[in-house]
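# Analysis of the macromolecular model
Read off the chains here:
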Amino acid sequence: MDALLFGISGLPHGDGTQKFTYATAIPYLRRLGLDAMELPFVRSVNVTEKNRDAILRSKAENDFYLSAHASYYINLNAASPDKQEASLDRIRQGARALAMVGGRSLVFHPGFYLGQPQEEVYAAIRDNLRKLPDMGIEYRLETTGKGTQFGTVAELLDLSRDVPTCKPCIDFSHIHARGNGALTRTTDFGKVLRAVADALGPEALTDMHIHISGIEYGPKGEKRHLGLRESDFNYKACLRALRDYAVKGCVICEDSLLEDDALLLQKTYRAL
């Protein structure tokens, strides 16, 4: 990718007078100056043959970047093999739908530790990820916000080396929450970016998928997303690190203020 794009997760708020679809949200976000949208497949996959063509036309006309967040109900380390297979099927469904509309990155949380040794959990998740078909999209493994969830930076970088179809989704707010306020300075964010480059090569910094939001957390990690200005998440330091490391790719704002905070991130980044 040749730039750092900014967008939102889900449909925009607008001024409250219009109900958006994916196809109508794209030109609205483009008019605001945003570049991307992450389709929320978190409870159901809602791209079908019925709305596919309208989304494809809108995407092409607006030169727009689409990603998607797969189901919340994924655990590739589930105790039951049937539940593992159901998780794989949810990922495959999301991948097929995203490919239908020319999207690129399918984001998901790969699983939970369930009290098992980390090495066993890693192996189970790795082996299941290797079963996923190459559908022309990237499986983006998202860093997680709670200690019970598999998904540290190191774990996901290792998986991205071990499974060719996978890449990381670096959710800086989750890393911050999981570490009980771990990211405060530009150098803290820079350490994460250096880890990506060290593990996957410097070219990985030119094709990143990133989540940023305000976040509330406690001793056990993430509680909920907040607006950027309501949170102690230092988004300015994060953006400075992205600039300093010449990061390219896509930044998705996940918090409840959606396009307002995505535009805040974009404006702040461009002013650096």
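Below, the structure is looked at part by part.

### Some details on the packing of helix 1 (residues 22-32) against helix 2 (residues 49-62)
- Helix 2 packs onto helix 1 with a crossing angle of 15° between their chain directions and a minimal axis gap of 8 Å. Classed by the angle they form, the pair helix 1 and helix 2 counts as roughly parallel. In this structure, helix 1 meets helix 2 at a crossing whose hand is right-handed. Where helix 1 abuts helix 2, its residues Y22, A23, I26, P27 and R30 lie against A54, I55, S58, K59 and N62.
- Looking at the contact of helix 1 with helix 2 residue by residue, the classes come out as 6 nonpolar, 2 polar and 2 charged.

### Overview of helix 5 (residues 153-162)
- Buried within helix 5 are the following residues: V153, E155, L156, L157, L159 and S160.
- At its buried positions, helix 5 is contacted by helix 4 (118-129), strand 6 (138-142), strand 7 (149-150), strand 8 (166-171), helix 6 (172-178) and helix 7 (186-200).

### Comments concerning the pattern of salt bridges
- Counted under the stated rule, the structure contains 15 salt bridges.
- Salt-bridge contacts for D35 lead to R30; the nearest nitrogen and oxygen are separated by 3.2 Å.
- Judged by relative accessible area, D35 falls into the buried class, the value being 11%.
- The partly exposed category is assigned to R30, whose relative accessible area is 25%.
- Ionic pairing is found between R243 and D244, a salt bridge with its closest N-O pair at 2.8 Å.
- By relative accessible area, which is 47% here, D244 ends up partly exposed.
- Residues participating in the shared-partner salt-bridge network are R104, E138, R140, K167 and D207.

### Quick notes on the nonpolar core
- Of all hydrophobic cores here, the largest spans 76 residues; its most connected members are M37, L106, F108, L129 and F172.
- Excluding residues within four positions of it along the chain, F108 makes contact with H69, A70, I74, L76, I91, L129, L132, Y139, R140, L141 and E142.
- Counting residues in each nonpolar core, the second largest holds 5 residues, with L5, Y65, C250 and I252 among its members.

### What to know about the pairing of strand 3 (residues 65-69)
- Among the 5 residues of strand 3, 5 are classified as buried, and the element is accordingly described as predominantly covered.
- Burial along strand 3 is two-sided: Y65, S67 and H69 facing one way and L66 and A68 facing the other are all buried.
- Relative to strand 3, strand 2 (residues 36-40) runs parallel, the two sharing 5 bridges. Among the inter-strand pairings, P40 is bridged to a residue of strand 3, identified as H69.
- Handedness of the crossover joining strand 2 and strand 3 through helix 2 is recorded here as right-handed.
- Across 3 bridges, the pairing between strand 3 and strand 4 (residues 105-108) is parallel. Looking across to strand 4, one finds that H69 is bridged to V107.
- As a crossover connection, the stretch from strand 3 through helix 3 (residues 81-100) into strand 4 is right-handed.

### A look at the sheet that holds strand 3
- Strands sit in the order 1-2-3-4-6-8-9-12 around a closed barrel of 8 strands; the barrel is parallel. If you compare each strand with its neighbour and ignore which way they point, the axes differ by 30° on average.
- Examined bridge by bridge, strand 1 (residues 4-9) and strand 12 (residues 249-253) share 5 bridges and lie parallel to one another. Across the sheet, residue I8 finds its bridge partner in strand 12, namely C253.

### Considering unusual backbone geometry
- The phi dihedral of D63 is positive, around 50°, even though this residue is not glycine.
- When you line up the elements, D63 lands in the loop between helix 2 and strand 3.
- We classify D63 as exposed; its relative accessible area is 65%.
- The phi angle at N180 is positive, at roughly 55°, despite the residue not being glycine.
- Here N180 shows up in the loop between helix 6 and helix 7.
- N180 gets classed as partly exposed once you look at its relative accessible area, which sits at 46%.

### A closer look at the packing of helix 5 against helix 7
- Viewed as axis vectors pointing N to C, helix 5 and helix 7 meet at an angle of 25°, and their least axial separation amounts to 10 Å. In terms of orientation, helix 5 lies roughly parallel with respect to helix 7. As helix 5 packs across helix 7, the resulting crossing turns out to be right-handed. Between helix 5 and helix 7, the residues in contact are V153, L157, S160 and R161 and V192, A195, V196, A199 and L200, respectively.
- Among the residues making up the contact of helix 5 with helix 7, the classes are represented as 7 nonpolar, 1 polar and 1 charged.

What counts, and where the lines are drawn
Residues numbered from 1 in each chain as written. Predicted model: local features only at pLDDT ≥ 70, side-chain atom pairs only at ≥ 80, totals over all residues. Heavy atoms only, no water. Axes fitted to C-alpha atoms, helices over the stretch in contact; angles between N-to-C directions. Helix = DSSP H or I, 4+ residues; strand = E, 2+ residues; numbered from the N terminus. Parallel < 35°, antiparallel > 145°, perpendicular 65-115°, else oblique. Left-handed = near helix turned anticlockwise from the far one by under 90°. Contact = heavy atoms within 4.5 Å. Nonpolar A, V, L, I, M, F, W, Y, C, P; charged D, E, K, R; others polar. Buried < 20%, exposed > 50% of the residue type's maximum accessible area, 1.4 Å probe, protein only. Salt bridge = Lys/Arg side-chain N within 4 Å of Asp/Glu carboxyl O. Core = buried A, V, L, I, M, F, W, Y, C linked by side-chain atoms within 4.5 Å. Pairing = 2+ DSSP bridges. Right-handed = clockwise from strand over helix to strand, strands pointing away.

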